Amino acid sequence: MKLFDLTGRTALITGASKGIGYALAQALATAGARVVLNARDAAKLREAQRALQGQGFQAEAVAFDVTDADAVEAGVAKVEADIGAIDILINNAGMQHRSPFAEFPTDAWHKITTTNIDSVFFVGRAVAQRMIPRKQGKIINVCSVQSELGRPGIAPYAATKGAVKMLTKGMAIDLGKHGIQVNGLGPGYFKTELNQALVADPAFSTWLAGRTPAGRWGNVEELGGAAVFLASDAASFVSGHILYVDGGITASL
């Protein structure tokens, strides 16, 4: 199991105060990594940090806005100076806004594209610039089944996740010669705060169970193994790949 051991490595995870980001941080910490949690809300970050430390894990917290290029540069520089070189980056920060396409507000369009795409570019670029001289690193961008499939009322979200998929491939191409692997992690439908309205909707949950070969919602802990794999030496020749963890939904019509 040494191939999956992350002991001695530092991982920065954005959007890590709750939900999928927190679960991924917990998984990497379980594999031995020192995790650096990022989000904008410093109070929630500290709660998440204390929760991980209470489990005996090495956890730090650095708050900055991943949609602000200058804040990202300062935040990443702070992590590298105060905590250590970033060996693993998980770009997880994201948001959802549901509305029929013809009624989708302009401000919501700008907010969702900035949060879901700009953040991946800004943080990915800042971290890659520091990984390149070290000739190694792992970057994992959180995509979605909506990187491949659409649903009513979320056309802009699907557009952003499709963009993250292609940004992941482009990053893998440009950074591969520097010993850096870049991959995507594509969650299906998971029980998170972001999806709470859907989880609470019996009609939607019934539809989802019928649509998904696994017949159920995913639990965020089930994303951990895939994240550890992509962050580890076991994935040393895996790059530009999107690993869907979706109960088979992308395999089925």
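If you're wondering where the values come from, they're calculated on a predicted model, not measured in any experiment.

J.: Would you explain the packing of helix H1 (residues 19-30) against helix H8 (residues 224-231) in this entry?
T.: In contact at an axis separation of 9 Å, H1 and H8 are set at 60° when each is read in the N-to-C sense. The orientation of H1 with respect to H8, classified from their angle, is oblique. The way H1 lies across H8 gives a crossing that is right-handed. In contact with Leu24, Ala27 and Leu28 of H1, H8 contributes Gly224, Ala227, Val228 and Ala231.

J.: Hey, could you run me through the layout of surface pockets in this one?
T.: Once rolled over the atoms, a probe with the size of a water molecule shows which space is left empty. Taken as a whole, the largest pocket spans an internal volume of roughly 1100 Å³. Around the largest pocket, the lining is made up of 44 residues, and of these Asn92, Ala93, Gly94, Met95 and Leu194 lie nearest the centre. Secondary structure elements with two or more residues in the lining of the largest pocket: H1, helix H4 (106-134) and helix H5 (155-175). Considering every element that reaches the lining of the largest pocket, the biggest residue donor is H1, with three residues.

J.: I tried to follow the pairing of strand E2 (residues 34-38) on my own but got confused; where do I start?
T.: For a regular strand, side chains alternate in direction, first toward one face of the sheet and then toward the other. Burial of E2 is extensive: four of the five residues sit out of reach of the surface. Across five bridges, strand E1 (residues 10-14) lies against E2 in parallel orientation. Residue Thr14 lies in a different strand from E2, and its bridge partner there is Asn38. With respect to chirality, the unit in which E1 leads through H1 into the neighbouring parallel E2 is right-handed. As paired elements, E2 and strand E3 (residues 59-61) share three bridges and run parallel to each other. Residue pairing across strands places Val35 opposite Ala59, the latter belonging to E3.

J.: Looking at this structure, how should I read unusual backbone geometry?
T.: Negative phi values dominate among residues other than glycine, just as trans dominates among peptide bonds. In this structure, Lys135 takes a positive phi of about 60° despite not being glycine. Of note, Lys135 is situated in the loop between H4 and strand E5 (137-142).

J.: How should I be thinking about the packing of aromatic side chains in this particular structure?
T.: Think of a pair of aromatic rings as described by two things: how far the centres are apart, and how the planes are tilted against each other in angle. According to the stated counting rule, one finds five aromatic pairs in the structure shown. Pairing Phe121 with Phe122 gives two aromatic rings, centres 5.8 Å apart and planes at 55°, and the pair type is tilted. We classify Phe122 as buried; its relative accessible area is 16%. Ring geometry for Phe204 versus Trp207: centroids 5.3 Å apart, planes at 45°, classification tilted. Pair noted here: Phe204 and Trp207 are both in helix H7 (residues 202-211), with a separation of three residues, about one helical turn. Residue class for Phe204 comes out buried when judged on its relative accessible area of 8%. Among the aromatic side chains, those forming a connected cluster through ring pairs are Tyr189, Phe204, Trp207 and Trp217. In this arrangement the basic side chain of Arg151 is found over the ring face of Trp207, its NZ or CZ atom lying 4.3 Å from the centre.

Thresholds, definitions, all that
Residues numbered from 1 in each chain as written. Predicted model: local features only at pLDDT ≥ 70, side-chain atom pairs only at ≥ 80, totals over all residues. Heavy atoms only, no water. Axes fitted to C-alpha atoms, helices over the stretch in contact; angles between N-to-C directions. Helix = DSSP H or I, 4+ residues; strand = E, 2+ residues; numbered from the N terminus. Parallel < 35°, antiparallel > 145°, perpendicular 65-115°, else oblique. Left-handed = near helix turned anticlockwise from the far one by under 90°. Contact = heavy atoms within 4.5 Å. 1 Å grid on protein atoms, 1.4 Å probe; cavity = no way out; pocket = protein on both sides within 12 Å on 5 of 7 lines; lining within 4 Å. Points joined across faces, edges and corners; volume = space filled by probe spheres on them. Buried < 20%, exposed > 50% of the residue type's maximum accessible area, 1.4 Å probe, protein only. Pairing = 2+ DSSP bridges. Right-handed = clockwise from strand over helix to strand, strands pointing away. Phe/Tyr/Trp six-rings, centres within 6.5 Å; stacked < 30°, edge-to-face > 60°. Lys NZ or Arg CZ within 6 Å of the ring centre and 35° of its normal.

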